[in-house]
Amino acid sequence: MKTKASQIAVVLGAFLGGLVLFLGAIFLVTGLSPASINRAPAGIGGPFHLIDQNGKPFSDRDMEGRPYLVFFGYTHCPDICPTELTELSALMHTLGPDADRAGVLFVTVDPERDTQAVLKDYMSSFDPHLRGLTGDRAAIDAAIKDYRVYAKKVPLDAGDYSMDHTAIVYLMDKNGRFIAPFNMDRTADAEAAELRRYF
Ligand SMILES: [Cu+2]
């Protein structure tokens with residue numbers, strides 16, 4: 001029979017092992033080593049100049065004073081984007097009136113198809129606090145590079161294509177600095193509580 005101490009050691013070991021795996025996974029998906037995260041947490045993100053779904057110019061300055069979440073994707077996405085945007089909508093709904101003190105930016109990695117009109121139609125399915133952003137190829141490429149997003153065209157039949165893309169939700173503080181990947185595998189209440197810490 002195991003002693004109490006050895007049981008605790010096993011549980012603790014499993015927990016620490018899980019933590020190492022979890023952190024390792026974050027560093028893998030963000031493409032950063034732990035050392036570079038410590039040195040340069042501001043290495044992700046940066047100024048951008050895009051167009052929102054209503055056709056208005058939108059830049060990082062428009063989020064000044066509010067923490068926000070950034071997610072890259074595209075409207076033709078069959079699963080990940082609609083799921084993520086639905087969960088982000090639930091988060092904004094949970095924030096209630098506080099949703100105005102935060103924001104969610106959905107940046108297209110497929111500006112050729114995701115025109116302002118297409119984005120406007122697509123975003124109407126989600127919470128109004130979600131802002132869809134597009135722009136010319138150069139502006140989108142600059143945002144993709146600054147956020148270290150992976151986005152690649154995958155040809156399908158008949159000239160059609162899908163996009164492989166990074167599915168990280170980036171948590172930015174009210175000065176536009178990257179804090180950490182935002183964990184969406186939680187209840188909307190837990191997510192809202194974390195976002196409120198950065199108001
Ligand atoms: Cu997607």
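The structure under discussion appears in the preceding block.
A quick note: this is a predicted structure, and the numbers were derived from the prediction, not measured.

*Asks:* Give a description of the coordination of the copper ion that names residues and reports values.
*Replies:* Distances from the copper ion to its protein donors, namely Cys 77 (SG), Cys 81 (SG) and His 165 (NE2), fall within the range 2.1 to 2.2 Å. Donor residues for the copper ion sit on one chain with the sequence pattern C-x3-C-x83-H. Taken together, the positions of Cys 77 in the loop between β3 (68-73) and α3 (80-95) and His 165 in strand β7 (residues 161-165) put the pair 88 residues apart, joining distant regions of the chain. With a relative accessible area of 13%, His 165 lands in the buried category.

*Asks:* Lay out the sheet that holds strand β9 (residues 178-181) with the relevant residues and their values.
*Replies:* Pairing is mixed across the open sheet formed by seven strands, whose spatial order is β2-β1-β5-β4-β3-β8-β9. A strand with exactly one partner marks an edge of an open sheet, and here the two such strands are β2 (57-59) and β9. Direction aside, the axes of adjacent strands within the sheet are offset by 35° on average. Packing against the sheet, α3 makes contact with β3, β4 (103-108), β5 (130-134) and β8 (169-172), and its axis sits at approximately 165° to β3.

*Asks:* For the packing of α3 against helix α6 (residues 188-196), give the residues involved together with the corresponding values.
*Replies:* Axis separation between α3 and α6 bottoms out at 9 Å; the angle between their running directions is 65°. Classified by the angle their axes make, α3 and α6 are roughly perpendicular. Like other packed secondary-structure pairs, α3 and α6 cross with a definite hand, here right-handed. Residues Ala 90, Leu 91, Met 92, Thr 94 and Leu 95 of α3 form the contact with α6, whose participating residues are Ala 188, Asp 189, Glu 191, Ala 192, Leu 195 and Arg 196. Among the residues making up the contact of α3 with α6, the classes are represented as seven nonpolar, one polar and three charged.

The rules we used
Residues numbered from 1 in each chain as written. Predicted model: local features only at pLDDT ≥ 70, side-chain atom pairs only at ≥ 80, totals over all residues. Heavy atoms only, no water. Donors = N, O, S within 2.8 Å, 3.2 Å for Na, K, Ca; no water. Helix = DSSP H or I, 4+ residues; strand = E, 2+ residues; numbered from the N terminus. Buried < 20%, exposed > 50% of the residue type's maximum accessible area, 1.4 Å probe, protein only. Pairing = 2+ DSSP bridges. Axes fitted to C-alpha atoms, helices over the stretch in contact; angles between N-to-C directions. Contact = heavy atoms within 4.5 Å. Parallel < 35°, antiparallel > 145°, perpendicular 65-115°, else oblique. Left-handed = near helix turned anticlockwise from the far one by under 90°. Nonpolar A, V, L, I, M, F, W, Y, C, P; charged D, E, K, R; others polar.

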